[in-house]
Amino acid sequence: LHLQARLSYMRIKYLFISWLVVFIGSWIVYVQYSTYTELCRGHDCKKIICDKYKTGVIDGSACSSLCARETLYFGKCLSTKPNNQMYLGIWGNLQGVIKCQMEETIHLDLGTELEPRKEIALFDKPTRGTTVQKFKEMVYGLFKKRLGEQGNLSELVNLILSVADGNKDGRVSLPEAKSAWALLQLNEFLLMVILQDKEHTPKLMGFCGDLYVMERVEYTSLYGISLPWILELIIPSSFRRSMDQWFTPSWPRKAKIAIGLLEFVEDVFHGPYGNFLMCDTSAKNLGYNDKYDLQMVDMRKIVPEINVKELIKDRHCESDLDCVYGTDCKTLCDQSKMKCTTEVIQPNLAKVCHLLKDYLLRGAPSEIHEELEKQLYSCIALKVTANQMEMEHSLILNNLKTLLWKKISHTNDS
């Protein structure tokens with residue numbers, strides 16, 4: 001009797017464990033499916049864009065391939081937010097990344113989205129009857145608002161018109177102008193056009209409406225390994241950081257990638273069209289190619305400085321924590337007025353050096369370790385309000401590049 005009772009208990013125990021495993025497994029599958037269907041709406045994105053194209057509302061260099069010939073199609077879903085759709089794209093024998101905005105109105109709230117507000121009725125501008133000259137004036141006015149007073153804005157307007165001419169027939173049609181106007185509301189598209197000749201910026205491959213295809217970056221994070229989301233939840237953050245450091249290129253290759261990132265900081269720091277602020281310098285927004293040249297993966301959170309100041313000024317605050325734009329653009333809270341100030345505390349270079357500190361010091365050659373650490377901490381301490389900040393900025397940046405380049409210039413990795 002005792003043996004029978006024990007066997008019955010064991011059967012109930014295993015039955016319960018089996019039921020629990022099935023329940024947990026079903027829950028994980030359901031959550032994964034729900035997450036995928038919410039984040040990955042490529043079919044809806046294509047339908048919206050192609051309906052507009054087929055009715056003659058929009059046009060662009062990728063429209064025919066996407067909607068008529070179907071030689072451009074959506075591959076693996078890479079989306080991290082429902083309203084910012086991102087997919088690997090296959091275009092003939094080329095690979096790229098397709099990005100598409102799903103919501104008609106994207107609000108620019110501090111700490112959340114960094115894309116500017118779109119028109120309430122998408123593709124409603126310019127209207128029929130608008131001349132090319134009038135469209136130029138519209139674009140010029142937009143740039144003046146977004147970038148401030150710049151002497152060479154007219155050159156940028158002409159550059160935009162050449163990009164908008166998707167079929168390269170020498171003129172911009174109304175559907176092409178509508179697409180260009182919608183795309184110009186997006187930080188990343190504007191930055192890709194401004195930095196189209198810079199080696200660390202992915203190239204624009206084509207567009208249709210506010211959907212655009214950009215060059216694919218082969219390695220999509222500075223370091224780390226991708227894990228299933230369930231493991232990300234249970235692994236301690238300190239152990240996760242250690243894991244990231246295990247899966248990195250060799251030190252000379254890391255140094256080459258770091259030099260590329262420093263060069264990109266130069267590109268966006270007081271360039272020909274003003275200063276751009278990197279408001280999310282996390283490693284997932286940075287990648288590199290098979291030659292270990294840095295390539296930007298996501299530039300949606302690189303914002304014109306004038307925009308940041310306009311959006312954060314007079315914001316009510318209780319402490320400095322209320323004066324954060326994105327994750328890395330921080331200002332101070334004026335306690336006497338309970339309003340955020342407009343001057344961002346850290347320049348891009350300081351934020352980038354903070355990101356590179358552990359990345360470069362781990363495995364650094366012993367003969368330069370001490371000097372490299374000293375220079376990185378000097379870089380991290382750089383403040384926007386410092387006297388002669390621009391001179392100090394250039395000096396620190398050049399010293400870091402020189403130190404790294406001297407160490408790798410005679411190696412195969414260079």
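Residues numbered from 1 in each chain as written. Predicted model: local features only at pLDDT ≥ 70, side-chain atom pairs only at ≥ 80, totals over all residues. Heavy atoms only, no water.

The cut-off we apply is this: UniProt positions are given in the numbering used here, feature names are shortened, and annotations may be inferred rather than shown by experiment.
An unreviewed UniProt entry lists the chain under the name Divergent protein kinase domain 1A, with Pelodiscus sinensis as the source organism. Per UniProt, the chain carries the Sequence similarities (unreviewed entry) text "Belongs to the DIPK family." As stated in UniProt under Subcellular location (unreviewed entry), the record for the chain gives "Endoplasmic reticulum membrane".

## Re the overall build of the chain
The cut-off we apply is this: Strands here mean DSSP runs of E at least two residues long; helices mean DSSP runs of H or I at least four residues long; both are numbered from the N terminus. Partly exposed describes any residue whose relative accessible area lies between the buried limit of under 20% and the exposed limit of over 50%, with all areas from a 1.4 Å probe on protein chains only and scaled to the type maximum. Only heavy atoms matter for contacts: two residues are in contact if any of them lie within 4.5 Å across the pair. Per-residue accessibility takes into account occlusion by the displayed protein chains alone, with areas from the Shrake-Rupley method and a 1.4 Å probe.
Each helix and strand in the chain was counted, giving 14 helices and 13 strands. Split into buried and exposed, the 414 residues of the chain put 47% on the buried side. Across the chain, contacts joining residues at least 24 apart in sequence account for 65% of those joining residues at least 6 apart. A total accessible area of about 21600 Å² is found for the chain, and carbon and sulfur atoms account for 55% of it.

## Considering the pattern of salt bridges
The condition is simple: For this document, the term salt bridge refers to a Lys or Arg side-chain nitrogen within 4 Å of an Asp or Glu carboxyl oxygen.
The final tally for this structure, using the stated rule, is 16 salt bridges. For Asp298, the salt bridge goes to Arg300, with nearest N and O atoms at 2.7 Å. Owing to a relative accessible area of 8%, Arg300 belongs among the buried residues under this scheme. A cluster of three or more residues bridged by salt bridges with shared partners is formed by Lys99, Glu188, Asp298 and Arg300.

## Regarding the confidence of the model for the chain
Inclusion rule: Confidence per residue, as judged by the predictor, is encoded in pLDDT with a range of 0 to 100.
On average, residues of the chain score 85 in pLDDT, and 85% of them are at 70 or above. Counting interchain partners and residues more than four positions distant, the pLDDT-below-50 stretch residues 29–36 has three contacts.

## Observations concerning the environment of Leu261
Position of Leu261 among the secondary structure elements: in helix α10 (residues 251–268). Distance from Leu261 to Cys353, taken between C-alpha atoms, is 9.7 Å for residues 92 residues apart in sequence. When near neighbours in sequence (up to four residues on either side) are disregarded, Leu261 contacts Leu286, Leu294, Val352, Leu355 and Leu356.

## Side note on unusual backbone geometry
Backbone torsion omega between Lys125 and Pro126 reads -5 degrees, so that peptide bond is classified as cis. Counting through the fold element by element, Pro126 comes out in the loop between β3 (94–101) and α4 (132–147). Notably, His270 is not glycine yet its phi reads approximately 50 degrees, a positive angle. As for its placement among the helices and strands, His270 is situated in the loop between α10 and β6 (276–278). Since its relative accessible area comes to 40%, His270 is described here as partly exposed.

## Things to note about α4
Put simply, the rule is: A helix's residues, less one, multiplied by 1.5 Å, set its expected span.
With 16 residues, α4 should reach 22 Å at 1.5 Å per residue; the first-to-last C-alpha distance of 22 Å fits that figure. Buried-residue contacts for α4 involve α5 (153–164), α6 (174–183), α7 (187–194), β6, β9 (302–304) and α11 (305–312). Of the residues one or two after α4, Gly148 is the one with positive phi, at around 85 degrees.

## Comments concerning a nonpolar patch on the surface
Filter applied, for reference: Only residues whose relative accessible area exceeds 30% and that form no salt bridge enter a patch; like-charged residues are grouped when within 9 Å of one another, and nonpolar side chains (Val, Leu, Ile, Met, Phe, Trp, Tyr) when within 5 Å.
Residues Phe239, Trp246 and Phe247 make up a contiguous nonpolar surface patch of roughly 330 Å² in combined accessible area. With respect to the element layout, Phe247 can be found in the loop between α9 (237–246) and α10. Residue classification places Phe247 among the partly exposed residues on the basis of a relative accessible area of 42%.

## Quick notes on the packing of α4 against α6
For any two helices packed against each other, one specifies the inter-axial angle together with the distance between the axes. Rule in force here: Note on method: axes are straight lines fitted to C-alpha atoms, helices fitted across the in-contact stretch only, with angles between N-to-C directions ranging 0 to 180 degrees. Angle categories: roughly parallel below 35 degrees, roughly antiparallel above 145, roughly perpendicular from 65 to 115, and oblique for all the rest. Under the convention adopted here, Pro, Cys and the residues Ala, Val, Leu, Ile, Met, Phe, Trp and Tyr are nonpolar, Asp, Glu, Lys and Arg are charged, and Gly plus all remaining residues are polar.
The interhelical angle for the contact between α4 and α6, taken along N-to-C directions, is 5 degrees, at an axis separation of 12 Å. Relative to α6, α4 is oriented roughly parallel. Note on element contacts: α6 touches α4 through Ala177, Ala180 and Trp181, opposite Phe135, Met138, Val139 and Leu142. Of the residues that constitute the contact of α4 with α6, the class distribution is seven nonpolar, no polar and no charged.

## Some points on the nonpolar core
Going by this rule: Here, nonpolar core means buried Ala, Val, Leu, Ile, Met, Phe, Trp, Tyr and Cys residues that are tied together by side-chain atoms lying within 4.5 Å of each other. Residue ranges assigned to the domains are those given by an automatic or database domain assignment.
Of all hydrophobic cores here, the largest spans 79 residues; its most connected members are Phe143, Leu222 and Leu372. Each of domain 1 (42–104 + 123–215) and domain 2 (229–409) contributes no fewer than three residues to this core. If we skip the residues at most four places from it in the chain, Leu372 touches Trp251, Leu360, Leu361, Ala364, Leu400, Leu403 and Leu404. Grouped together as the second largest cluster of nonpolar side chains are 24 residues, Leu39, Ala62, Tyr87 and Met102 included.

## A look at the side chain of Thr331
Our working rule: Residues adjacent in sequence count toward polar contacts only when both atoms are side-chain atoms; beyond that, a polar contact is any pair of N or O atoms within 3.5 Å, and within protein one must be able to donate a hydrogen and the other to accept it.
Relative to the elements of secondary structure, Thr331 occurs in the loop between β11 (329–330) and β12 (333–334). In this structure Thr331 comes out as buried when scored by relative accessible area, which is 1%. Polar side-chain contacts of Thr331 include one of 3.0 Å to the backbone oxygen of Thr341. Contact partners of Thr331, with chain neighbours within four places excluded, come to Ile312, Asp320, Cys323, Cys340, Thr341, Thr342, Glu343, Val344 and Ile345.

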